[in-house]
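# Inside the fold
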Number of protein chains: 2
Amino acid sequence: MAEVSIQRETGQAFMPKFDANGLLSAVVVNVATREILMVAFMDEEAIAATQSTGLAHFHSRSRGKLWQKGESSGNVLKVREILVDCDQDALILVCEPAGPTCHTGATSCFYRRLEDGVLQPVKT
Amino acid sequence: MAEVSIQRETGQAFMPKFDANGLLSAVVVNVATREILMVAFMDEEAIAATQSTGLAHFHSRSRGKLWQKGESSGNVLKVREILVDCDQDALILVCEPAGPTCHTGATSCFYRRLEDGVLQPVKT
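Just so we're clear, the structure is a prediction, and the values are computed from it rather than from any experiment. (Residues numbered from 1 in each chain as written. Chains lettered and ligands numbered in written order. Predicted model: local features only at pLDDT ≥ 70, side-chain atom pairs only at ≥ 80, totals over all residues. Heavy atoms only, no water.)

### Some words on the pattern of salt bridges
Residue and element names in this part refer to chain A. The condition is simple: The salt bridge definition used is simple: a Lys or Arg side-chain nitrogen within 4 Å of an Asp or Glu carboxyl oxygen. Secondary structure follows DSSP: runs of H or I at least 4 residues long count as helices, runs of E at least 2 residues long count as strands, and numbering of each begins at the N terminus. Residue exposure (1.4 Å probe, protein chains only): buried if accessible area is under 20% of the type maximum, exposed if over 50%, otherwise partly exposed.
According to the stated counting rule, one finds twelve salt bridges over all chains in the structure shown. A salt bridge links Glu96 to Arg80; the shortest N-O distance between them is 2.7 Å. Highlighted residues: Glu96 in strand E6 (residues 90–97) and Arg80 in strand E5 (residues 77–84), separated in sequence by 16 residues. Among the residues examined, Glu96 registers a relative accessible area of 34% and is labelled partly exposed. Exposure remark for Arg80: the relative accessible area of 48% places this residue in the partly exposed category.

### Overview of the UniProt feature "domain: Phosphoribosyl-AMP cyclohydrolase" (unreviewed entry) in chain A
Selection rule: UniProt positions are given in the numbering used here, feature names are shortened, and annotations may be inferred rather than shown by experiment.
Mapped onto this numbering, the UniProt entry gives "domain: Phosphoribosyl-AMP cyclohydrolase" (unreviewed entry) at residues 38–111 of chain A. Measuring from the first to the last C-alpha atom of residues 38–111 of chain A gives 10 Å, for a span that is 14% helix and 39% strand.

### Section: the pairing of strand E2 (residues 36–42) of chain B
All names here are of chain B. Applied cut-off: For two strands to pair, DSSP has to find at least two bridges joining them.
With respect to burial, E2 is a largely interior element, seven of its seven residues being buried. As defined by bridge partners, strand E1 (residues 24–30) adjoins E2 across six bridges and the pair is classed as antiparallel. Its bridge partner lying in E2, Val28 is registered against Met38.

### Things to note about the relation of the copies chain A and chain B
Relating one copy of the chain to the other takes a rotation about an axis and a shift parallel to that axis. Inclusion rule: Fitting of the copies onto one another was done by least squares over C-alpha atoms, counting residues only where both copies have pLDDT of at least 70. We call two residues contacting when some pair of their heavy atoms lies within 4.5 Å.
Overlaying chain A on chain B yields an RMSD of 0.0 Å, the required transformation being a rotation through 180° with an accompanying axial translation of 0.0 Å. The two molecules are tied by a two-fold rotation axis, judged by turn and shift. Mapped onto chain B, 100% of the interface residues of chain A are again interface residues, and the two copies thus contact each other with one and the same surface.

### Considerations on the packing of aromatic side chains
Heads up, the condition is: Classification of ring pairs rests on two measures: the distance between centres of Phe, Tyr or Trp rings, Trp counted by its six-membered ring, which must be within 6.5 Å, and the angle between planes, read as stacked under 30 degrees, edge-to-face over 60 and tilted in between.
Considering all chains together, one arrives at two aromatic pairs over all chains under this definition. Considering the side-chain rings of A:Phe58 and A:Trp67, the 5.3 Å spacing of their centres and the 45° angle between planes classify their relative orientation as tilted.

### Things to note about the interface of chain A and chain B
To keep things clear, this is the line we draw: Accessible surface is computed with a 1.4 Å probe, and the buried area is the amount of it that two parts give up when combined, taken over both parts together. Whenever two N or O atoms come within 3.5 Å, that pair is a polar contact, provided that in protein one can donate a hydrogen and the other can accept it, and provided that, for residues adjacent in sequence, both atoms are side-chain atoms.
Counting residues at the interface gives 42 residues for chain A, matched by 42 residues for chain B. A buried area of about 3,500 Å², summed over both sides, lies between chain A and chain B, and 57% of it is on carbon and sulfur atoms. The largest share of the area that chain A buries against chain B comes from A:Phe110, A:Arg112 and A:Leu114, three residues that together contribute 18% of it. Across the contact surface, chain A and chain B share six salt bridges. Where chain A touches chain B, the interface holds 28 residue pairs in polar contact (both at pLDDT 80 or more).

### Remarks on helix H2 (residues 44–53) of chain B
Residues and elements named next belong to chain B. Where we set the bar: In this description, the arc belongs to the directions extending from the helix axis to the C-beta atoms.
Turning to H2, its buried residues number three or more, namely Ala46, Ile47, Ala49 and Thr50. Axial view of H2: buried residues confined to an arc of 165°, hence all on one face. Facing away from the buried side of H2 by more than 90 degrees, the exposed set consists of Glu44 and Ser52. Buried residues belonging to H2 abut E1, E2, strand E3 (57–60), strand E4 (65–68), strand E5 (77–84) and strand E6 (90–97).

### Quick word on the pairing of E1(B)
Burial within E1(B) is extensive, with seven of its seven residues counted as buried. Both faces of E1(B) are covered, namely the face carrying B:Leu24, B:Ala26, B:Val28 and B:Asn30 and the face carrying B:Ser25, B:Val27 and B:Val29.

### Let's talk about the sheet that holds E5(A)
The condition is simple: Throughout, an axis means a line fitted to C-alpha atoms (over the contacting stretch in the case of helices), and angles, computed between N-to-C directions, take values from 0 to 180 degrees.
Spatial ordering of the open sheet is given by E2(A)-E1(A)-E6(A)-E5(A)-E7(B)-E8(B), a layout of six strands whose pairing is mixed. Sheet topology places strand E2 (36–42) of chain A together with strand E8 (118–121) of chain B at the edges, where each strand pairs with a single neighbour. The sheet shows a mean angle of 35° between the axes of neighbouring strands, taken without regard to direction. Sheet topology note: the strand E7 (residues 112–115) of chain B/E8(B) ladder contains four bridges and is antiparallel. Bridge pairing in E8(B) places B:Arg113 opposite B:Gln120. The strands touched by helix H2 (residues 44–53) of chain A are strand E1 (24–30), E2, E5 and E6 of chain A together with E7 of chain B; relative to E2(A), the strand with the most contacts, the crossing angle is about 125°.

Written out as structure tokens, the structure is:
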């Protein structure tokens, strides 16, 4: 395994591994309930903005720019903890949400379950 | 909002939304503990293989091919439930793991926390 891969897996240095588009995956979890609220992407700018403000920022692939979750709705996500995976290409943001996370008004974006090929609502 | 977007958010049809590379995000959660075990990507082939076998399959971006989690280690993930997000570009696979999920031997790939810019081990 390449030296840099070993450092990423075993070292103490935060060395986020971005893909060809400069992105990595971010999963938001509710600090109180541990429910997964949303999944998005972060680039270097979004990580820096999240660290400096304590509020979750992402990179919008559709708009091609930095996006603070809740910037228009007010439903910000206060970041309490950041977990990093083995190869440092995914983060978990453990957050305190100020309101519903999904733009539909649902607590979580994952408000449906796939059952026999059809989507059924789940309580979130 | 485009008609197809409305269908994706409110309809019962499973219409996975793949990115330019034909991928969507997949988060694996332990059905018993609700711990997040790993984050990966799925393409149409990986979703079909997961649905037909009941075992989690992903698309390896580095190897450019279908990958059954645990195909070499035996630490497969039995899929108990699939949750779908609002715009159908992310899935949660609620799984029963046959063993440690991370290739490092850790229960979860998220075995470190970012603290003051440095990675510290967490119990998983």
